[in-house]
Structure formats: C-alpha cells, structure tokens
Amino acid sequence: MERTYLMVKPDGVQRGLVGQIISRFEQRGYKIVGLKMMQISREVAEKHYGEHVGKPFFQGLVDFITSGPVVAMVVEGKDVVSAAREMMGATNPLKAAPGTIRATFGVDVGRNVIHGSDSLESAQREIALFFRPEELVDYGRAIDSWIYE
Ligand code: GDP
Ligand code: MG
C-alpha cells in the first residue's frame, strides 16, 4: 500500500473546507494514517517547495503557504499517490476537470486549496519533512475487505 502527503492549504482552512476535503478521501475508501494542523515555517516551506526556487511565483508561494494554518495528512491506500492527484485536479483550478477538488473549490492557481505529492519519491520526502515516524499510525479497519478484494 502506498502513502501520500496531502495538505489543505491556508485558503482551504480559512474557507472552512477542511472537512469536505478530508471527506473525499475517506469516502473513496482511503485511510488517514496521520493528521495535524500546523503553521509552516519559512524554512520548511522553502524545503517543501525546493523544486520551484527561482521561479517568479516562488516568494509568493512561500508567503502564502506560511500565512496561516494548514492541515497536513498522510493518506494510505492502493495507488493513492496518483489517485489523489487525479482527485485534486490540475494545478490551475480553471484547467482542472469538473468535480475535482480544485475545480470545485478554486479559481486561481495561487489559491488552489490543496497540495498533494506528485510521485512516490516526493511522497516519501514530504512525509518525512512534515511528520515524525511516531505521528503516523498503523491500524486496520473492519471495512477494509469491503473496499479491497
Ligand atoms: P502542484 O504540484 O499541482 O501543486 O503544482 P506545482 O508543484 O507546479 O506548484 C506548486 C504550487 O505553486 C501550486 O499548487 C500553485 O499553488 C503554485 N503555482 C504553480 N505555478 C504557479 C504559477 O504559475 N503562478 C502562481 N501564482 N502560482 C503557481
Ligand atoms: Mg507539485
């Protein structure tokens, strides 16, 4: 089973979308194995978005992601890294497929409500950046056999 790192960004928290966003992953059958609210430091934000250093939107991105609390989570399940990206939709909400999280809740690329790891390698790096091992919980669910054959 894969794990991915998902984060409701400060706009999603301010707009009261945390519950609805978490619900989408729960309803699909994915399992939350880590969950917390926090405010990210600039240092961590710059590490997290390291691939974008030097791009014109980088400073604004770091300003924004550190501007208020985020809700960070680790979600586990079959093919969850790519499935979560599909559930989120394209980076630009105006280009995101209808029904995806970003298309449902967002308009601007700099206010696209959710982050999700883009590969298994990114997921491992981001999970380690935001969660200590003891903050992740291993547990089974009675409904698992109704979700996976
Ligand atoms: P993601 O993996 O879909 O989140 O997209 P990226 O990794 O390419 O970019 C990280 C985040 O930076 C995005 O979610 C956007 O919030 C923001 N971003 C990306 N491209 C742009 C851009 O061209 N302009 C602005 N203002 N923000 C951007
Ligand atoms: Mg990305």
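Scroll up for the structure.
Here goes a summary of the coordinates provided. (Residues numbered from 1 in each chain as written. Chains lettered and ligands numbered in written order. Predicted model: local features only at pLDDT ≥ 70, side-chain atom pairs only at ≥ 80, totals over all residues. Heavy atoms only, no water.)

### Quick word on the side chain of His48
Stage number 1. On the secondary structure map, His48 appears in helix α3 (residues 42-48).
Stage number 2. Given the relative accessible area of 3%, His48 is considered buried.
Stage number 3. Every residue in contact with His48, bar those within four places of it in the chain, is listed here: Tyr5, Met7, His115, Arg125, Glu126, Leu129 and Phe130. (Helix = DSSP H or I, 4+ residues; strand = E, 2+ residues; numbered from the N terminus. Buried < 20%, exposed > 50% of the residue type's maximum accessible area, 1.4 Å probe, protein only. Contact = heavy atoms within 4.5 Å.)

### A closer look at helix α2 (residues 18-28)
Stage number 1. Residues of α2 that are buried: Ile21, Ile22 and Phe25. Considered in projection along α2, the buried side chains sweep an arc of 95° and stay on one side of the axis.
Stage number 2. At its buried positions, α2 is contacted by β1 (2-8), β2 (31-38), β3 (70-77), α5 (80-88), α6 (101-105) and β4 (114-116). (Arc of directions from axis to C-beta.)

### Description of the nonpolar core
One recurring pattern in soluble globular proteins is that nonpolar side chains are buried together.
Stage number 1. By size, the foremost hydrophobic cluster in this structure holds 21 residues, and its most contacted members are Leu6, Ile21, Phe25, Val75 and Ile101.
Stage number 2. For this core, the element with the highest residue contribution is α5, accounting for 5 residues.
Stage number 3. Residues within four places of Phe25 in sequence aside, it is in contact with Leu6, Tyr30, Ala84, Met87, Ile101 and Ile114.
Stage number 4. Within the second largest apolar cluster, 18 residues are counted, among which are Val33, Ile40, Phe130 and Phe131. (Core = buried A, V, L, I, M, F, W, Y, C linked by side-chain atoms within 4.5 Å.)

### Focus: the sheet that holds β1
In a beta sheet, neighbouring strands are held together by backbone hydrogen bonds and run either parallel or antiparallel to one another.
Stage number 1. Across the sheet, 4 strands lie side by side as β2-β3-β1-β4; this open sheet has antiparallel pairing. Two strands lie at the open edges of the sheet, namely β2 and β4, each paired on one side alone. With direction set aside, neighbouring strand axes in the sheet form an average angle of 20°.
Stage number 2. Each of β1, β2, β3 and β4 is contacted by helix α7 (residues 120-130), which is oriented at about 60° to β1, the strand it contacts most. (Pairing = 2+ DSSP bridges. Axes fitted to C-alpha atoms, helices over the stretch in contact; angles between N-to-C directions.)

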